[in-house]
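For reference, the chains in residue letters:
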Amino acid sequence: MESKISVRNLKKSFGDLQVLQDISTEITEGEVVVVIGPSGSGKSTFLRCLNRLETITAGKVIVDGFDITDKKTDINEVRQRIGMVFQHFNLFPHMTVKENVTMAPVTLKRADQEDADKKAMKLLERVGLADKADVYPAQLSGGQKQRVAIARALAMDPDIMLFDEPTSALDPEMVGEVLAVMKDLAQRGMTMVVVTHEMGFAREVGDRVLFMDGGYIVEEGTPAQVLGRPKQPRTIDFLSKVL
Amino acid sequence: MKIIELAVQHFPSYVNALLLTLEATVFSLIIATLIGIIFSLFKMSKNKVLRGIVAVYLSVIRGTPLMVQILFIYFGLPMAFGFRWDLTVACVLIMSLNAGAYMTELIRGGIESVDKGQMEAARSLGLSYPQAMIKVILPQATRTMLPSIVNQVIVTLKDTSLLSVISFRELTQNTKIIVANNMEALTMYFICGLYYWIVVNILTLLQNNIERRTKFGK
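Residues numbered from 1 in each chain as written. Chains lettered and ligands numbered in written order. Predicted model: local features only at pLDDT ≥ 70, side-chain atom pairs only at ≥ 80, totals over all residues. Heavy atoms only, no water.

Caption draft 1: Examining the interface of chain B and chain A more closely. Between chain B and chain A, the residue contacts involve 20 residues of the former and 25 residues of the latter. At the boundary of chain B with chain A, the tally comes to one salt bridge. Residues B:Glu120 and A:Arg48 are paired through a salt bridge, measuring 2.6 Å at the closest nitrogen-oxygen approach. Within the residue set of the side of chain B that touches chain A, elements represented by two or more residues are helix H6 (116–124) and helix H7 (129–159) of chain B. No other element matches H6(B), which puts seven residues into the side of chain B that touches chain A. Residue composition of the side of chain B that touches chain A, by class: seven nonpolar, eight polar and five charged. (Contact = heavy atoms within 4.5 Å. Salt bridge = Lys/Arg side-chain N within 4 Å of Asp/Glu carboxyl O. Helix = DSSP H or I, 4+ residues; strand = E, 2+ residues; numbered from the N terminus. Nonpolar A, V, L, I, M, F, W, Y, C, P; charged D, E, K, R; others polar.)

Caption draft 2: Spatial organisation of the pattern of salt bridges. Overall, the coordinates contain 22 salt bridges over all chains when judged by the stated rule. With its nearest N and O atoms 2.8 Å apart, the salt bridge here joins A:Asp64 to A:Lys4. Placement of the pair is A:Asp64 in the loop between strand S4 (58–63) and strand S5 (66–67) and A:Lys4 in strand S1 (residues 3–14), with a sequence separation of 60 residues. For A:Lys4, a relative accessible area of 6% corresponds to the buried category. In this structure, A:Arg81 engages A:Asp64 in a salt bridge whose closest nitrogen and oxygen atoms are separated by 3.5 Å. With A:Arg81 in the loop between helix H2 (75–79) and strand S6 (82–85) and A:Asp64 in the loop between S4 and S5, the pair connects residues that are 17 residues apart, well separated along the chain. The network of salt bridges with shared partners includes B:Lys43, B:Arg62, B:Glu105, B:Arg108 and B:Glu112. (Buried < 20%, exposed > 50% of the residue type's maximum accessible area, 1.4 Å probe, protein only.)

Caption draft 3: The nonpolar core, seen in detail. By size, the foremost hydrophobic cluster in this structure holds 57 residues, and its most contacted members are A:Leu10, A:Phe46 and A:Leu50. Ranked by residue count, the leading element in this core is H7(B), at nine residues. When neighbours within four sequence positions are excluded, A:Leu10 is seen to be in contact with A:Leu20, A:Gln21, A:Asp22, A:Ile23, A:Phe46, A:Cys49, A:Ile56, A:Ala58, A:Gly59 and A:Val61. Of all hydrophobic cores here, the second largest spans 47 residues; its members include A:Val85, A:Leu123, A:Val175 and A:Val226. (Core = buried A, V, L, I, M, F, W, Y, C linked by side-chain atoms within 4.5 Å.)

Caption draft 4: Just the sheet that holds strand S7 (residues 160–164) of chain A, in detail. Residues and elements named next belong to chain A. In space, the six strands of this open sheet follow the order S6-S7-S8-S3-S9-S10, with mixed pairing throughout. Unpaired on one side and paired on the other, S6 and strand S10 (216–221) mark the two borders of the sheet. Each strand axis lies, on average, 15° off the axis of its neighbour in the sheet, ignoring direction. The pairing of S6 with S7 spans four bridges and is classified as parallel. (Pairing = 2+ DSSP bridges. Axes fitted to C-alpha atoms, helices over the stretch in contact; angles between N-to-C directions.)

Caption draft 5: Looking closely at the pairing of strand S3 (residues 32–36) of chain A. Residues and elements named next belong to chain A. Burial runs high along S3: five of the five residues are buried. What you see with S3 is no split at all: Val32, Val34 and Ile36 on one side and Val33 and Val35 on the other are buried throughout. Both S3 and strand S8 (residues 191–195) contribute to a ladder of four bridges, which runs parallel. Residue valine 32 lies in a different strand from S8, and its bridge partner there is methionine 192. Summarising the sheet, S3 and strand S9 (residues 208–213) pair through four bridges and their orientation is parallel. Of the residues in S9, the one forming a bridge with isoleucine 36 is phenylalanine 211.

Caption draft 6: Summary view of the packing of aromatic side chains. Tallying each qualifying case throughout the model produces six aromatic pairs over all chains. Aromatic pair A:Phe211 and A:Phe238: ring centres 5.3 Å apart, planes at 40°, arrangement tilted. Here A:Phe211 is found in strand S9, whereas its partner A:Phe238 is found in helix H9 (residues 233–242), with 27 residues between them in sequence. The exposure classification of A:Phe211 matches that of A:Phe238, with both residues buried. Taken together, a centroid distance of 5.1 Å and an interplanar angle of 85° make the contact between B:Phe39 and B:Tyr57 edge-to-face. Here the residue B:Phe39 occupies a position in helix H2 (residues 11–44), and B:Tyr57 occupies one in helix H3 (residues 48–63), the gap between them amounting to 18 residues. Note on B:Phe39: relative accessible area 18%, which makes it buried. Linked through ring pairs, B:Phe39, B:Phe42 and B:Tyr57 together constitute an aromatic cluster. (Phe/Tyr/Trp six-rings, centres within 6.5 Å; stacked < 30°, edge-to-face > 60°.)

Caption draft 7: Spotlight on the pairing of S10(A). All names here are of chain A. Pairing analysis gives five bridges linking S9 to S10, with the strands arranged antiparallel. Residue pairing for S10: valine 209 is matched across the bridge by glycine 221. Between S9 and S10, which pair antiparallel and follow one another directly, the connecting turn spans two residues, one of which, glycine 214, has a positive phi of 60°.

Next up, the structure:
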């Protein structure tokens with residue numbers, strides 16, 4: 001299988017604090033990688049290094065063949081291939097739902113307004129929100145906002161999607177609707193890296209689970225291995241607290 | 001009534017004076033806004049030299065009275081460098097530099113009030129920094145800044161009255177000239193104040209209207 005994302009000896013520091021110690025992993029096309037671990041383990045920072053929302057202190061990250069640690073790489077170009085979904089949605093509050101979805105493709109001249117509108121309606125239908133196209137984000141529930149955020153990311157036709165704790169800010173009854181959209185996406189063959197505390201999702205949808213702690217990948221393997229028969233004491237300790 | 005008589009009699013000169021007041025205000029504010037956008041970005045940048053330039057500029061403008069700035073630039077600079085100011089150009093320049101300092105702080109405050117997740121979301125979609133600023137950050141910042149911007153427009157409008165000291169024939173200077181001839185200080189300064197009052201209140205109405213139309217479903 002072709003390697004979609006290649007991370008080699010990635011290190012990240014904030015000032016004196018080293019958050020990522022030495023991370024290496026390969027993510028193949030169509031793979032769904034779920035990253036779990038205690039808070040402060042560096043899992044969100046790891047995810048944010050994959051599209052360089054965080055500057056990378058050392059090591060290499062290669063996405064779709066582009067070395068994003070190389071200063072000569074046009075990061076804006078590479079980011080168009082990587083969709084990202086945030087814990088706090090980060091929808092644009094001054095735009096309607098449809099405008100949120102069409103803004104990037106139109107601004108980046110990937111489509112004219114008319115085509116972008118049509119595509120936005122298709123995507124909104126897919127996430128079950130076609131009837132909300134003309135309302136503003138302030139009028140949506142958390143689960144609806146997050147589904148719009150997914151549609152917004154998909155509007156750029158990414159071939160990789162990053163999810164940074166997409167359900168952590170949601171009321172419990174809204175978690176399911178967001179996970180369903182993500183599961184659908186995984187089944188369509190999207191390459192996904194998901195930071196989450198949803199162990200059920202990891203088990204059901206994940207191809208591989210990375211357990212991070214203290215800035216290292218402590219253990220990795222299939223969900224059955226890592227969640228079912230963890231070997232490392234830190235993994236066992238963490239899972240005993242969350243399961 | 002004398003006041004109506006005088007208002008009608010001097011109406012033509014007041015139309016000219018009002019136009020000059022508005023001209024100085026509008027052009028100055030356009031330039032001040034550009035100064036504000038550029039300097040607020042400088043102030044938030046990592047570059048120490050750019051931040052230093054802005055710091056000196058802000059401290060000079062805010063630390064000295066507008067009247068002194070007017071006299072220094074209009075009379076002082078030509079003396080040092082041997083040139084003559086075009087009156088209108090000098091007036092617009094002085095007011096721009098002055099309002100620009102206040103606009104810088106105001107715009108920076110507005111930009112910083114926007115959640116940093118907004119910039120991240122825009123950048124993650126592939127937008128460049130300027131694109132994200134224009135499409136995502138500035139529209140939201142403007143909404144927050146609107147009351148302070150309108151306030152600055154009102155302050156600058158009223159501050160143009162100080163340009164009378166260098167004989168720029170705006171509303172106040174026009175009134176001074178008329179009073180010097182007819183000695184009707186009470187009536188004429190009342191009329192003069194009325195012109196300012198009307199323009200300021202039109203601006204306030206406009207502000208309320210814009211705020212009502214930009215609620216974005218909240």
